[in-house]
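Observations on the three-dimensional arrangement
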Amino acid sequence: MLISHGFDAALLGVLGLLVGSFLNVVIHRLPIMMEAQWRAECAELDGKEPAPAETFNLVLPRSRCPQCGHQIQWYENIPVFSYLFLSGKCSACKNPISVRYPMVELASGVLFFICAWKLGASASALLWCGFAATLLALALIDWDTTLLPDAMTMPLLWAGLVAAALQWTSASLPAAFWGAVAGYLSLWLVYWAFKLATGKEGMGFGDFKLFAALGAWFGWQALVPIILMASVIGAVIGIAMKFTSGLREGGYLPFGPFLAGAGITAMIFGPGAMLHFVGL
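Residues numbered from 1 in each chain as written. Predicted model: local features only at pLDDT ≥ 70, side-chain atom pairs only at ≥ 80, totals over all residues. Heavy atoms only, no water.

**Quick word on the environment of Ile72**
What counts is decided by this rule: By definition, any uninterrupted DSSP run of H or I lasting at least four residues is a helix, any uninterrupted run of E lasting at least two residues is a strand, and each is numbered from the N terminus. Only protein chains enter the area calculation, which uses a 1.4 Å probe; residues under 20% of their type maximum are buried, those over 50% are exposed, and those in between are partly exposed. The contact definition used throughout considers only heavy atoms, calling two residues in contact when any of these lie within 4.5 Å.
Relative to the helices and strands, Ile72 resides in the loop between helix H1 (2-45) and helix H2 (81-85). Among the residues examined, Ile72 registers a relative accessible area of 22% and is labelled partly exposed. Here the alpha-carbon distance between Ile72 and Ala125, two residues 53 residues apart in the chain, equals 32 Å. Leaving out residues up to four positions away in the same chain, Ile72 has contacts with Arg62, Ser63, Arg64, Cys65 and Asn77.

**Some remarks on the side chain of Ser82**
Tracing the chain through its elements places Ser82 in helix H2. Overall, the relative accessible area of 4% leaves Ser82 in the buried class.

**Observations regarding the side chain of Asp207**
Applicable threshold: The convention is simple: Lys and Arg are positive, Asp and Glu are negative, and His and the chain ends are not counted. Salt bridges are identified by distance alone: a Lys or Arg side-chain nitrogen within 4 Å of an Asp or Glu carboxyl oxygen. Polar contact is the term for a pair of N or O atoms within 3.5 Å; when the atoms are in protein, one must be able to donate a hydrogen and the other to accept it, and sequence-neighboring residues count only if both atoms are side-chain atoms.
One can find Asp207 in helix H7 (residues 205-218). Despite its burial, Asp207 pairs with no opposite charge; the closest candidate is Lys209, at 11 Å N-O. There is a polar contact of 3.3 Å between the side chain of Asp207 and the backbone nitrogen of Gly256. Ignoring any residue separated from it by four or fewer positions in sequence, one finds Asp207 in contact with Asp142, Leu148, Leu187, Phe255, Gly256 and Leu259.

**Let's talk about the nonpolar core**
Using the following cut-off: What makes a nonpolar core is a set of buried Ala, Val, Leu, Ile, Met, Phe, Trp, Tyr and Cys residues whose side-chain atoms join them at distances within 4.5 Å.
Ranked by internal contacts, the top residues of the largest apolar core, which has 63 residues, are Phe131, Leu135, Phe218, Ile226 and Leu259. The element best represented in this core is helix H4 (residues 123-145), accounting for 14 residues.

**A few points about the packing of helix H8 (residues 223-243) against helix H9 (residues 256-269)**
Let me state the cut-off plainly: In this description, a line fitted to the C-alpha atoms serves as the axis of each element, helices being fitted only across the stretch in contact, and the angle between N-to-C directions of two axes falls anywhere from 0 to 180 degrees. What sets the label is the angle itself: under 35 degrees gives roughly parallel, over 145 gives roughly antiparallel, 65 to 115 gives roughly perpendicular, and the rest give oblique. Each crossing is labelled by how the near helix is turned from the far one, with a counterclockwise turn of less than a right angle marking it left-handed and a clockwise turn marking it right-handed. For this classification, the nonpolar set comprises Ala, Val, Leu, Ile, Met, Phe, Trp, Tyr, Cys and Pro, the charged set comprises Asp, Glu, Lys and Arg, and every other residue, Gly included, is treated as polar.
At a minimum axis separation of 8 Å, H8 and H9 run at an interaxial angle of 130 degrees. Considered as vectors, H8 and H9 are oriented oblique to each other. Between H8 and H9 lies a crossing of right-handed hand. For the pair H8 and H9, the contacting residues are Ile226, Ile227, Met229, Ala230, Ile233, Gly234 and Ile237 in the first and Phe258, Leu259, Ala262, Thr265 and Ala266 in the second. Looking at side-chain class alone, the contact of H8 with H9 contains ten nonpolar, two polar and no charged residues.

**With respect to the state of the cysteines**
Stated precisely, the cut-off is as follows: Here, the term disulfide refers to a pair of cysteine sulfur atoms separated by no more than 2.5 Å.
Overall, the coordinates contain zero disulfides when judged by the stated rule. Left unpaired, Cys93 is separated from the closest cysteine sulfur, that of Cys68, by 3.6 Å. According to the relative accessible area criterion, Cys93 is partly exposed, its value standing at 26%. Considering cysteine sulfurs only, Cys129 is the nearest to Cys115, which forms no disulfide, with 4.1 Å between them.

Next comes the structure, spelled out in structure tokens:
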């Protein structure tokens, strides 16, 4: 039985590696697609025709080396193994490939394995795999661009509410509903309090939606542990980066990656364990 359980978890872990390869595409391309859409909308509002552009989405064009334009072949795109086989370099121009690509694939594979190990080969495991994959992509998009796309946060929010309604998560529908409401409003109030006090924006509206989505998945009771863990980890990393001069211009860090990290931690260990982690 244990062997079968381990095999199922390993199988889902392999699926996670493949999903991680796709997440790399999403992380890179989705912000570019959003900016192209914004430019087209601005041109339309200005009464101009949008400039013609090459088809660019999550499928087309095929992946290429950003340095030399070499089109990536299928055997060069096998998660993790291709990176090791190529020694972390483009097969054409020999420029280094970012180590983040295999790291995202590995992270996705590990998260899928954990979901299957905890929940077995079940629809619930696949549901939480989708949750983890979405948070992983959102964390890295926000880290790179300070954007949390509605195209990901809103489906995540609705998926949490639907899952609660179908009793696929531990949160009841009322707890999930009020979790979404409280998650959004709490950060919205913090945003406006900070802006009225300082005249500056301390976070973006995407953070409100992401926290609302986490409330929908875990229920309102989990909001305090999640926000505490996100704040503690964010503060520690922010201080460390300040002392190492790693902060970007303006001296700020996006909050979304820490919310996403807290959400994944809650998925693995449970919200209660997070309170013990932060000393409460």
